[in-house]
Amino acid sequence: MKNNQKTTQKNNSKKTPQGATQQFISKKETQELLIGQAKQKKNIRVLSFILFAFAFVLYGKTLFFNQYVLDDDFVTRLNKFVVMGIKGIPDIITKGSLFGFNGVNESHYRPLTLINFCIETQFFGLNPKVNHFFNVFFYGLSGVFLFLFLRKIFKTYTLAILFIITAIFMAHPIHTEVVANIKSRDEILSFLLATCSLLSLFNYVENNKLKTYLLSICLFFLSLLSKESALTFVAVIPLLLYFFSEFKIKKIILLTMPYVGVVLLYILIRWVVLDSITFNDKQELINNSLMAAKTTSEALATNTMVMGKYLGLLFSPHPLSWDYSYNQVPISTWTNMKVIISLAVYLFLGCFTIIKFGKKNIFAFCILYFVVTISLVSNIFLKIGASFGERFLYAPSLAFCIALIMLATWFLKIDVTGKSKKNYTTLIVGSLVLLSIYMWQTIDRSEVWKNNMSLFLAGVKDSPNSARAHRSLAYEYTALAQASSNNPQAQAELYKKAIEEFKIGLYIYPEHAEAWYSLGYALYLSGNYDDAMLAYKKTVTIYPKYPQAYNNMGIIQLDRKQYNAALISFKKAVEIANNHIDALGNIGYTYHNMGIVDSAIFYYNKALILNPQLSDIRKNMESLINLKNQQQK
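As the structure is a computational prediction, the values presented were derived from the model and not from experiment. Every chain's residues receive numbers from 1 upward, in the order its sequence appears when written. Totals for whole chains, interfaces and linings use every residue, but because this is a predicted model, local features are given only for residues with pLDDT of at least 70 and side-chain atom pairs only at 80 or more, for both listing and counting. Values shown for side chains rest on all heavy atoms present in the structure; no hydrogens or waters enter the calculation.

## Here's the deal with the overall build of the protein
Regarding its fold elements, the protein presents 26 helices and zero strands. Expressed as lengths along the three principal axes of its C-alpha atoms, the size of the protein is roughly 140 × 55 × 45 Å. Working rule for contacts: check all heavy atoms of both residues, and any pair within 4.5 Å makes them a contact. Partitioning the intrachain contacts of the protein with sequence separation of at least 6 by distance along the chain shows that 69% fall at a separation of at least 24. Under the convention used here, a 1.4 Å probe and the Shrake-Rupley method define accessible areas, while residue burial counts only the protein chains that appear. Of the roughly 31300 Å² of accessible surface on the protein, a fraction of 61% belongs to carbon and sulfur atoms. Here the protein contributes 63 positive and 38 negative side-chain charges, whose respective centroids are spaced 16 Å apart. The numbering of helices and of strands both runs from the N terminus, where a helix is a DSSP run of H or I of at least 4 residues and a strand a run of E of at least 2. The convention is simple: Lys and Arg are positive, Asp and Glu are negative, and His and the chain ends are not counted. In this description, the location of a charge corresponds to atom NZ of lysine, CZ of arginine, CG of aspartate or CD of glutamate.

## Side note on the environment of Gln-557
Position of Gln-557 among the secondary structure elements: in helix α22 (residues 547–559). It is 78 Å that separates the C-alpha atoms of Gln-557 and Asn-208, two residues lying 349 residues apart in sequence. With residues up to four places along the chain from it excluded, the contact list for Gln-557 reads Met-533, Gln-562, Ala-565, Ala-566 and Ser-569. Here a polar contact is recorded for every N or O atom pair within 3.5 Å, except that within protein the pair must consist of a potential hydrogen donor and a potential acceptor, and residues adjacent in sequence are included only if both atoms are side-chain atoms. A distance of 3.5 Å separates a polar atom in the side chain of Gln-557 from the backbone nitrogen of Ala-566.

## Here we look at the environment of Lys-503
Along the chain, Lys-503 falls in helix α19 (residues 488–508). Three labels apply to residues, based on accessible area from a 1.4 Å probe with only protein chains included: buried if under 20% of the type maximum, exposed if over 50%, partly exposed otherwise in between. Since its relative accessible area comes to 48%, Lys-503 is described here as partly exposed. Sequence separation of Lys-503 and Thr-539 is 36 residues, and the distance between their C-alpha atoms is 14 Å.

## Let's talk about the packing of aromatic side chains
Two aromatic rings, drawn from Phe, Tyr or Trp (for Trp, its six-membered ring), form a pair once their centres lie within 6.5 Å of each other, and the interplanar angle then sorts them: stacked below 30 degrees, edge-to-face above 60, tilted otherwise. Enumeration over the complete set of coordinates arrives at 45 aromatic pairs. Geometrically, the ring pair formed by Phe-147 and Phe-163 is edge-to-face, given 6.5 Å between the ring centres and 85° between the ring planes. Highlighted residues: Phe-147 in helix α5 (residues 128–153) and Phe-163 in helix α6 (residues 159–171), separated in sequence by 16 residues. Among the aromatic residues, those joined into a cluster by ring pairs are Phe-154, Tyr-157, Phe-233, Tyr-242, Phe-243, Phe-244, Phe-357, Phe-365 and Tyr-369. Geometrically, a charge over a ring is one whose NZ (Lys) or CZ (Arg) sits within 6 Å of the ring centre while staying within 35 degrees of the ring normal. Here the basic side chain of Lys-360 rests over the ring of Tyr-242, its NZ or CZ set 5.0 Å away from the ring centre. The positively charged end of Lys-421 is found above the aromatic ring belonging to Tyr-424, 5.3 Å away from the centroid.

## Topic: the pattern of salt bridges
Salt-bridge detection follows one rule: a side-chain nitrogen of Lys or Arg within 4 Å of a carboxyl oxygen of Asp or Glu. What the rule picks out here adds up to 14 salt bridges. Put simply, Asp-186 and Arg-110 hold a salt bridge, and the shortest N to O gap is 2.9 Å. Of this pair, Asp-186 sits in helix α8 (residues 185–207) while Arg-110 sits in the loop between α3 (99–102) and α4 (111–124); the two residues are 76 residues apart in sequence, bridging distant segments of the chain. Neither residue differs from the other here; Asp-186 and Arg-110 are each classed as buried. Beyond isolated ion pairs, a larger network of salt bridges with shared partners links Arg-110, Lys-183, Asp-186, Glu-228 and Arg-270.

## Describing the environment of Val-205
On the secondary structure map, Val-205 appears in helix α8. For Val-205, a relative accessible area of 21% translates into the label partly exposed. Along the chain, Val-205 and Ser-245 lie 40 residues apart, while their C-alpha atoms are 7.4 Å from each other. In this structure Val-205 touches Leu-241, Ser-245 and Phe-247, once residues within four positions along its chain are discounted.

Without other data, these values stay purely geometric and don't point to any function.
See below:
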């Protein structure tokens with residue numbers, strides 16, 4: 001024991017100086033590590049701020065010049081719950097997203113987005129500048145949290161590479177519709193919250209703290225309440241865990257199950273709140289060209305072409321359009337070269353993914369992420385209210401941005417860890433060139449969304465085969481003409497342009513009753529009563545249950561003193577819609593002109609029961625009652 005003790009002491013005495021040296025080096029390394037970590041944190045903060053500010057560089061003009069356009073009114077000034085401010089929140093929670101606009105309680109349930117607008121209205125009023133500001137604000141936050149999330153999954157990559165990926169994502173012109181269109185706040189919030197959920201999830205992967213995992217689940221639920229497109233992230237989550245964590249399949253499944261539970265909870269809430277979780281009516285051809293497919297083969301071929309078009313716009317985002325409805329995306333067959341090329345590309349991508357999946361190849365992940373996130377809007381599994389839309393590429397485009405830069409690093413043989421700076425200059429210069437092109441396109445495109453007229457003019461230019469694009473421009477010309485009553489010459493010119501656009505739209509899709517009715521209305525306002533009557537007759541031929549068309553036919557007949565014909569038209573309108581106030585009042589007016597006093601009073605009274613504020617009808621009825629009383633005396 002003594003010998004052992006002496007030996008131990010001797011050995012310890014010899015090791016002391018060496019141990020002292022090792023302790024000194026350890027402290028130095030620790031200090032360097034701490035300094036490096038502090039420097040990296042500072043760089044992350046700086047780059048995050050740059051990304052946030054970048055959003056305002058790209059879309060700053062929308063804050064000052066852009067008004068409400070397209071369907072912005074659905075979630076702002078024409079939504080009766082939003083205009084109530086905070087007081088409208090209980091109704092928003094218990095009704096569908098469109099109920100405050102049109103009273104339809106089906107299909108969409110996005111309460112968090114509408115609550116967002118309620119809060120803005122409460123504190124800032126109905127102001128498009130404020131709404132645009134918050135669109136850009138949340139877009140900037142999306143860029144920041146996306147950058148932080150990428151850093152979690154690409155741990156060995158330099159901040160520069162991750163910054164470039166995020167900047168390209170933010171600058172991509174395909175996102176212009178989402179950011180410049182106030183209504184698309186739902187897309188921004190949903191993606192932002194989904195990204196935060198993923199960031200929280202991977203914080204849990206690192207620290208194994210339950211609170212970060214629970215936070216991730218809560219954020220995912222909020223993402224669903226912003227827009228149902230977040231449903232696809234329930235499949236993205238296991239993909240991310242497989243490709244970017246060391247968890248086994250069993251662990252991945254267990255971690256994913258609570259997110260599946262959240263999806264089921266969301267579907268249950270929708271089922272309770274909404275009258276129907278889908279649209280009751282069949283999708284209209286005017287909105288979705290795929291409804292024109294006569295066979296399953298045609299539908300699949302067209303779907304394949306559309307999926308190819310999505311990829312094409314990611315690589316070359318020009319021209320862009322707010323509308324791709326009938327017949328901008330025509331029905332195709334398998335002999336179409338675009339269909340063949342698209343099919344070949346997706347078959348190649350599919351084979352590549354199968355081969356590389358087990359190796360956790362980053363390009364395989366990008367392909368799967370793209371396919372998963374676009375699946376709900378692809379029209380393959382479920383027909384939606386559009387055949388194609390740039391907004392549908394918002395989340396899926398991330399796959400393109402990651403793959404593009406990863407491909408560049410592979411081609412240039414760049415050390416992604418940053419240990420070697422070889423070819424980094426080439427990557428940065430190339431990225432700056434691409435960013436400059438994207439920035440120019442995005443800023444230029446955001447100006448197109450300034451107002452309806454600029455948007456619709458661009459629409460007919462970039463989607464010349466879209467019936468809805470021409471019809472929308474015609475509506476705008478009609479509205480401007482009505483507002484130009486003090487300038488007859490300008491008004492006549494505007495009506496002429498409106499009629500021309502309606503006719504172009506009807507040439508593309510002649511079976512659209514609403515367009516025929518609107519053409520008739522424009523013709524009537526311009527003084528062309530004969531053609532207006534023909535347009536109204538065409539309307540009811542296509543859709544016999546169009547009460548307003550019968551009412552307007554009756555007005556023309558009434559003006560021509562064709563009283564019996566007018567009565568037939570007005571009564572047909574009432575037969576279709578028994579509470580049609582205009583038609584009831586017009587029946588009364590027709591009987592009034594015919595001198596049939598009792599009938600006139602009867603219908604005047606029916607109209608006033610529905611709307612007591614109709615002063616002209618009240619005066620007419622009172623005059624008839626007075627006349628009748630005098631006659632009786």
